[in-house]
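# Working through the structure, step by step
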Amino acid sequence: MDYIKEKTPPVREDRLRVCNAYGGSCPVLVKQSRKGCINGLRRSFSQTQGCQLNLSLASLNTFRDTVIIVHGPVGCGGSNVSSAGSVKTFKKLRDPQAQGLIWLSTNLGEADVIRGGETAVQEAVFYAEQEFRPEIIMVVNSCVPALIGDDLDGLLAELQPQVHARLAPVHCEGFKSRIMASAYDAVYHGILRNLTAPPERDKSVILDETEEFRCKLRKSRTVNLLNVSSMSRADELELSRLLQALGLTVNILPHFAHPEQFKEATEAALNISICATHDDYFVEHLRDLFGIPFILNTIPIGVKNTNKWILDIAGHFGLEEQAKQLISRENAELEEAIAPFRPQFQGKRVLACAGEIRVIATAEMLQYLGMEVIGLRAYHYDQFADNLLDDLANREKIPINVATGQPFEQANLIEKLKPDVYLGHVNNNGWAARHGLPVLPIFQQSNNYMGYNGTFEVARRLARILRNPAFNRNLSQNNDQPYFDHWFKEEPFSYIDGNVILEGDR
Ligand code: SF4
C-alpha cells in the first residue's frame, strides 16, 4: 500500500469493499462481502449521517502537546465543545502535566468563500505558535476550503520554516465519504506524511558494547500497541500487562501519545492493532515504509479473541509456550471469577450495537457469558469483519443491521426482537432506554472492556444493571416513541434498497 505520496488519502468507498446500509442475516452479509457485492447498498430514506471530520477530531484531540486548527466554518468544530472536558481528564491520566484540548477555528464566513481561506489559516498558525508553543499543529480541512480550492498543503509547506511546531494537514472533509471510518485513514495519512520520520540520534553519545546490545535487545522486543479513542486507560493497562507478561516493552499510540512517540514508533519490532477497521491503513504503510510487520486479525475482547490476539503476537516472537501458559492461567482465573454471575445471564436475550469489529467480538463475549445474542447493529461493514462474523456461533439465526445512526431502524428492530438487554454507544443507548430496556454502554473511556479483566468487568456491570432495571422501565412508561405506530408494523429494513436482492439470496 502506498498512498503517502498523495496529498489526500482515498476514501473507504474507493479503497475497500464497504457499506453502511444492510439488513439481513450474518452469513448472507459475509457471502455478499466476499463476492464484492456490498458497495452498492443504499437507503431510499436516511435519517442521519456521520461526518468524518468529527471522527477525525475525536482522534486528533487526544494528541498531547498539539494544537488543532479546524479550517472551516466555526460549526465544524462544534463537537469539540462537548469533548473538551473528557479529553483533558483522559490526557492527564496518561501524563499529569498534559494540557487540555486546545483548538482554534479559522471561522470562515461568506466573504472567505469568495476570497479564499488561506489568510485565515496563516493567522491561526502564527497565533497557535505564539500563544501555545506546541510541538505539533494539526490543521483539519473541512468541506468549504476543499470546495473553494484552498491549497492547504502548499500553504503549510510555505509556513513551516517560519514556525517551531511541526505542521500537519489532515484531509477529512465530511462531504467526501459516507463511511465515517475514512477518518482513521485521514488522520493516519497526516501522521505518516508529517510526524513519523525516524528520530535523530545524538551523534556525540558513544554507546559502549554492553549498552549497544541492551539497546538492540530492547528494540527487538518493543512493540507499538495501537490504541483507539474509544479505549480506556484501564484497557491500555490490561493489554500492557498481558504483553509485559511475555517480556515485551510497550509503546502506546496514537491516542493520548506525545509527538516523540510517533518518531519512536518507526523503530519497533511489531505493530499490534486491536482493530483492523481502525489501523489497516497505518500498519500497512509502516510495513512498506519502515519494514515493521504487524498483527491485525482480531480485537482482544472476550476470552476467545483475547486468546487468539496473544497467540498471534507470541507467534511473531517465538513465545508460543509462554503464551499458552499465560492463557491457561488467565482463563482459569477468569472462569472462577465469572462463575457466580452465570446463573443471572442464562437465557438473557441481547441486542448489541457498535463498530463492526467491536460488536462482533462483544457478541462472542456475551455468548461466553451464557447470553443469547439475538441481533447486531454495526456502523459500517467491510472485509475486515468477514472472518470474525463467519466464526460467530449461531450466526445464521442472528440478524445484522449495518447503519450509521438510523435510530428509526433500531427502534423497529427492538420492537420486533424484544431483547432483555441492550449494549450500545452512548448516542443509541438513550433511544434503547426509551423502550424500557436495561442498557450497558458497549464502551466507555473510564471502564475496562478489553483483555481478561475486561470480560470480568463487563460481567460485573451487566449483572448489576440486570438486577435493577427499574429506571429505564419507568422511563418507557412515561415517554412516547417519536415514531408513528405504522412504522413498527413495517419491516425494519424496508428503506434499504439492496435488501431485495439479498433476501433472494438466502
Ligand atoms: S460535513 Fe463538512 S461542513 Fe459539515 S461538519 Fe463535516 S466538514 Fe463541516
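Residues numbered from 1 in each chain as written. Predicted model: local features only at pLDDT ≥ 70, side-chain atom pairs only at ≥ 80, totals over all residues. Heavy atoms only, no water.

### Quick look at the side chain of Ser230
Take Ser230: it is sitting in the loop between β7 (222-226) and α11 (233-245). Exposure remark for Ser230: the relative accessible area of 17% places this residue in the buried category. At 3.4 Å, the side chain of Ser230 and the side chain of Arg358 are in polar contact. (Helix = DSSP H or I, 4+ residues; strand = E, 2+ residues; numbered from the N terminus. Buried < 20%, exposed > 50% of the residue type's maximum accessible area, 1.4 Å probe, protein only. Polar contact = N/O pair within 3.5 Å; in protein donor to acceptor, adjacent residues only side chain to side chain.)

### What about the sheet that holds strand β6 (residues 166-171)?
In spatial order, the strands read β4-β3-β5-β6; together these four strands make up an open sheet with parallel pairing. Every other strand in the sheet has two partners, leaving β4 (103-105) and β6 as the edge strands with one partner each. Neighbour to neighbour, the strand axes of the sheet diverge by 20° on average, direction disregarded. (Pairing = 2+ DSSP bridges. Axes fitted to C-alpha atoms, helices over the stretch in contact; angles between N-to-C directions.)

### Let's talk about the packing of helix α6 (residues 118-132) against helix α8 (residues 152-159)
Between α6 and α8, the least distance of the axes is 11 Å, while the angle of their chain directions is 40°. Considering the angle they form, α6 stands oblique to α8. Between α6 and α8 lies a crossing whose hand is right-handed. Of the residues in α8, those in contact with Glu118, Val121, Gln122, Val125 and Phe126 of α6 are Leu152, Leu155, Leu156 and Leu159. The class makeup of the residues in the contact of α6 with α8 is seven nonpolar, one polar and one charged. (Parallel < 35°, antiparallel > 145°, perpendicular 65-115°, else oblique. Left-handed = near helix turned anticlockwise from the far one by under 90°. Contact = heavy atoms within 4.5 Å. Nonpolar A, V, L, I, M, F, W, Y, C, P; charged D, E, K, R; others polar.)

### Focus: the domain arrangement of the protein
Its domain assignment divides the protein into domain 1 (51-177), domain 2 (209-332) and domain 3 (334-504). For domain 1 and domain 2, the distance between their C-alpha centroids amounts to 30 Å. Between domain 1 and domain 2, the residue contacts involve 14 residues of the former and 14 residues of the latter. Looking only at domain 1, the three residues that lose the most surface to domain 2 are Thr62, Arg64 and Arg94, adding up to 47% of its buried area. Linking domain 1 with domain 2 are one salt bridge. Put simply, Arg94 and Glu236 hold a salt bridge, and the shortest N to O gap is 2.9 Å. At the junction of domain 1 and domain 2, the tally comes to five residue pairs in polar contact (both at pLDDT 80 or more). Elements supplying a minimum of two residues to the side of domain 1 that touches domain 2: α3 (52-60) and α4 (79-94). In terms of residue count, the dominant contributor to the side of domain 1 that touches domain 2 is α4 (five residues). Across the side of domain 1 that touches domain 2, the residue classes break down as six nonpolar, two polar and six charged. (Domains from an automatic or database assignment. Buried area = accessible area lost by both parts, 1.4 Å probe. Salt bridge = Lys/Arg side-chain N within 4 Å of Asp/Glu carboxyl O.)

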